[in-house]
Amino acid sequence: MNKAENKAEKIVIFDTTLRDGEQSPGCSMNLDEKVGFARQLEKLGVDVIEAGFAIASDGDFAAIQAVAETCRTVKVASLCRTIEADVVRAAESLKNAAFPRIHTFAATSDIHLEFKLKKTRREVLRMVEENVRLARELCDDVEFSAEDATRSDINFLCEVLTVAMEAGATTLNVPDTVGYTTPTEIYETIKTVKEKVVKDRRDITISTHCHNDLGLAVANSLAAVTAGARQVECTINGIGERAGNAALEEVIMALRVRADQFQYENSINAALLYPTSQMLAEMVSFGVQPNKAIVGRNAFAHEAGIHQHGVLSNPLCYEIMTPESVGVPSNDIVLGKHSGRHALKSKLVELGYELSAAEIEETYRNFTALADRKKKIYDQDLIGLLPLALKNNAAQTVGTYELIAA
Ligand code: KIV
Ligand code: ZN
């Protein structure tokens, strides 16, 4: 086996925070916010930024244009239906992009054909063929998505994907639009698409796009990767339609922490996951749930005494990754005997906890014991040290993660 054959395959990270994420309630952003966030995604290292749905509104069109003009090292995707006017509008929105991608979609499930598109299978096939071909005439990089793929007849799904591929699409996306599938089922679906559609076409990438209605979006995305998908579509903090999309930070850390199971590369700088999550949380109208994996306030907090004891002896007892690895800033605390109480108190006020003198005393005792043993103390560690009643009554605020000075 030569060196090239040894190289791990890459998983393309396609971020749709600005499209599927932004279109969900409470998540709308203005143009400056979108461009600022797109810059952050570029720094984070995503491969594709889906910046909007060009024909949906003038605002979306302008945002795609602005993102395409600003982000020069990343692919910028513009979404459109397989309708001529949509495809043309998507192409226009990408006119100044360094690396444009037209992302076009059509539903393939019988329920969508009958009640939404009101088209026969034959009509859908024709629509896909004509418009993927048009998209390919206007842009070298075309992705086709079979909306509601996971509730579609597998033979028809394969037929549509084959038509899209032959018309010029080089990324074939298999969305779980309504968050209905399961890991074993999507594994079989992707495997079938690989065997029956892609075959030996090495220029074709199979993509997965999972929604979280049953809480399975990340698990399903990973199962799709195991079956052969090499692009994962996801959003920061898992925002998106209804229960959201697969959370980018969870997908990335699962790939990284379980590299024994997933021997693939990706270009994400994981140390920017937490700051990116915080940036988004500040722009949309809700914060990150405290127990959210990877980026939640409690994701690294150890509350139970037995856990604290284990972590103090060796963090690996209960930590499968470090807060630093995802960019949670640490509090490098240098506590003097007395000044420490004051610093601790003001930090806790900043985090939203008002403590009585007795509570401060109790927390301070726990804190010094922890600070003795652990070099880096995180806000999440501090929350873990609080008296139980306080933790239960705590406001659900997002920590600011600044340094505590003694
Ligand atoms: O969920 C979905 O099917 C989509 C497509 C447009 C890719 O968002
Ligand atoms: Zn979606």
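Calculation rules
- Positions within a chain are numbered from 1, following the residues in the order the chain's sequence is written.
- A letter from A marks each chain and a number from 1 marks each ligand, given out in the order of writing.
- Per-residue local features are limited, in this predicted model, to residues with pLDDT of at least 70; the limit for side-chain atom pairs, both in listing and counting, is 80 or more; totals at the level of whole chains, interfaces and linings are taken over all residues.
- Excluded from the side-chain calculation are hydrogens and water; included are all heavy atoms of the structure.
- In this scheme, a residue with accessible area under 20% of its type's maximum is buried, one over 50% is exposed, and one in between is partly exposed, where area comes from a 1.4 Å probe on protein chains only.
- Helix and strand definitions follow DSSP, with helices as H or I runs of at least four residues and strands as E runs of at least two, each counted in order from the N terminus.
- Here, a strand pair is defined by DSSP locating no fewer than two bridges between the strands.
- Clockwise travel from the first strand over the helix to the second, with the strands pointing away from the viewer, marks a crossover as right-handed.
- Nearness is judged by heavy atoms alone; a residue qualifies as near a molecule or strand once a single heavy atom is within 4 Å of it.
- Any N or O atom pair separated by 3.5 Å or less is treated as a polar contact, with the protein-specific requirement of one donor-capable and one acceptor-capable atom, and with residues adjacent in sequence counted only for side-chain atom pairs.
- All accessibility values rest on the Shrake-Rupley procedure with a 1.4 Å probe; residue burial counts only the protein chains present in the view.
- Lys, Arg, Asp and Glu make up the charged group, whereas Ala, Val, Leu, Ile, Met, Phe, Trp, Tyr, Cys and Pro make up the nonpolar group; the residues left over, Gly among them, are polar.
- Here the expected length of a helix is defined as 1.5 Å per residue gap, with one fewer gap than residues.
- Any two residues whose heavy atoms approach within 4.5 Å at even a single point are treated as in contact.
- For Phe, Tyr and Trp, rings pair up if their centres lie within 6.5 Å, where Trp contributes its six-membered ring, and each pair is then called stacked (planes under 30 degrees apart), edge-to-face (over 60) or tilted (otherwise).
- When the NZ atom of lysine or the CZ atom of arginine is within 6 Å of a ring's centre and also within 35 degrees of its normal, the charge is said to sit over that ring.
- Here a salt bridge means any side-chain nitrogen of Lys or Arg lying within 4 Å of a carboxyl oxygen belonging to Asp or Glu.
- Note on geometry: axes are C-alpha line fits, over the in-contact stretch for helices, and angles between N-to-C directions span 0 to 180 degrees.
- By definition, the arc is the one covered by directions from the helix axis to the C-beta atoms.

Novice: Tell me about the pairing of strand β8 (residues 205-210), and name the residues and values.
Specialist: Of all 6 residues that make up β8, 5 are buried, and the element is covered over most of its length. Here strand β7 (residues 171-176) pairs with β8 via 6 bridges, running parallel. Bridge pairing in β8 places Leu172 opposite Ile206. The parallel pair β7 and β8 is bridged by helix α9 (residues 183-198), and the resulting crossover is right-handed. Looking at chain direction, β8 and strand β9 (residues 231-234) are connected through 3 bridges and run parallel. Paired with Ser207 across the strands is Gln231, a residue of β9.

Novice: Help me get a handle on the site of ligand 1, residues and values and all.
Specialist: Residues in close proximity to ligand 1 include Arg19, Asp20, His103, Phe105, Ser145, Glu147, Asn173, Pro175, Thr177, His209 and His211, which together make up its full environment. A distance of 3.1 Å separates an oxygen atom of ligand 1 from a polar side-chain atom of His209. Separating an oxygen atom of ligand 1 from a side-chain N or O atom of His211 is a distance of 3.1 Å. When ligand 1 is considered free in solution it has 260 Å² of accessible area, and contact with the protein chains removes 95% of it. Going through the elements one at a time, α2 (17-21), β5 (99-107), β6 (142-147) and β7 are the ones with two or more residues in the shell around ligand 1. Partitioning the shell around ligand 1 into residue classes produces 2 nonpolar, 6 polar and 3 charged.

Novice: Explain unusual backbone geometry to me, and be specific about the residues and the numbers.
Specialist: Positive phi values are uncommon outside glycine, yet Asp148 reaches one of about 60°. Note that Asp148 resides in the loop between β6 and α8 (154-166). The exposure class of Asp148 is buried, given its relative accessible area of 0%. Even without a glycine there, the phi angle at Arg242 is positive, about 50°. Note that Arg242 resides in the loop between β9 and α11 (248-257). Residue Arg242 is classed as partly exposed on the basis of its relative accessible area of 47%.

Novice: Could you give me a rundown of the pairing of β6, with the residues and numbers involved?
Specialist: Within β6, 6 of the 6 residues are buried, which leaves it mostly tucked inside the rest of the structure. Covered by surrounding structure in β6 are Val142, Phe144 and Ala146 together with Glu143, Ser145 and Glu147, the residues of both alternating faces. The pairing of β5 with β6 spans 6 bridges and is parallel. Bridged to Phe105 within β6 is Ser145. In the sheet, β6 pairs with β7 via 3 bridges, with the strands oriented parallel.

Novice: Go over α8 with me, naming the residues and quoting the values.
Specialist: Since one α-helical turn is 3.6 residues long, residues separated by three or four positions face the same way. Taking 1.5 Å of rise per residue, the 13 residues of α8 would be expected to cover 18 Å, and the 18 Å separating its terminal C-alpha atoms lies within 8% of that figure. Burial in α8 covers these residues: Phe156, Leu157, Cys158, Val160, Leu161, Val163, Ala164 and Met165. Buried residues along α8 sit against α6 (110-117), α7 (121-138), β6, β7 and α9. Directly beyond the C-terminal end of α8, a positive phi value near 125° is found at Gly168.

Novice: Got a sec to walk through the packing of aromatic side chains? Specific residues and values, please.
Specialist: Summed over the entire model, instances satisfying the criterion amount to 2 aromatic pairs. A centroid spacing of 6.0 Å and a plane angle of 70° characterise the contact between Phe53 and Phe105, whose relative ring orientation is edge-to-face. With Phe53 in strand β3 (residues 48-53) and Phe105 in strand β5, this residue pair connects regions lying 52 residues apart in the sequence. As far as the burial class goes, Phe53 and Phe105 line up, both buried. Measuring from ring centre to ring centre gives 6.4 Å for Tyr364 and Phe367, while their planes differ by 40°; the resulting arrangement is tilted. Of this pair, Tyr364 and Phe367 both sit in helix α15 (residues 357-373), 3 residues apart, which is roughly one turn of that helix. Among the residues examined, Phe367 registers a relative accessible area of 1% and is labelled buried. One cation-aromatic arrangement involves Arg89 over Phe61; the distance from NZ or CZ to the ring centre is 3.6 Å.

Novice: Pulling in residues and values, what's your account of the pattern of salt bridges?
Specialist: The full count for this structure, using the stated rule, is 24 salt bridges. Note that Lys292 and Glu250 form a salt bridge whose closest N and O atoms lie 2.5 Å from each other. Separated by 42 residues along the polypeptide, Lys292 in the loop between α12 (273-283) and α13 (305-313) and Glu250 in helix α11 bring together distant segments of the chain. Taking relative accessible area as the criterion, Lys292 reaches 8% and is therefore assigned buried. For the salt bridge of Arg258 with Asp260, the shortest nitrogen-to-oxygen distance reads 2.8 Å.

Novice: Summarise the sheet that holds β3; cite the residues concerned and give the values.
Specialist: One closed barrel accounts for 8 strands, arranged β2-β3-β4-β5-β6-β7-β8-β9; its pairing is parallel. Going from strand to strand, the sheet's axes swing by 25° on average, the running direction of each strand aside.

Novice: Give a description of helix α5 (residues 84-93) that names residues and reports values.
Specialist: Residues of α5 that are buried: Asp86, Val87, Ala90, Ala91 and Ser93. In a view along the axis of α5, the buried residues occupy a sector of 160°, so they form one face of it. Looking at the packing, one finds that the buried side of α5 touches β3, α4 (58-70), β4 (75-81), β5 and α7.

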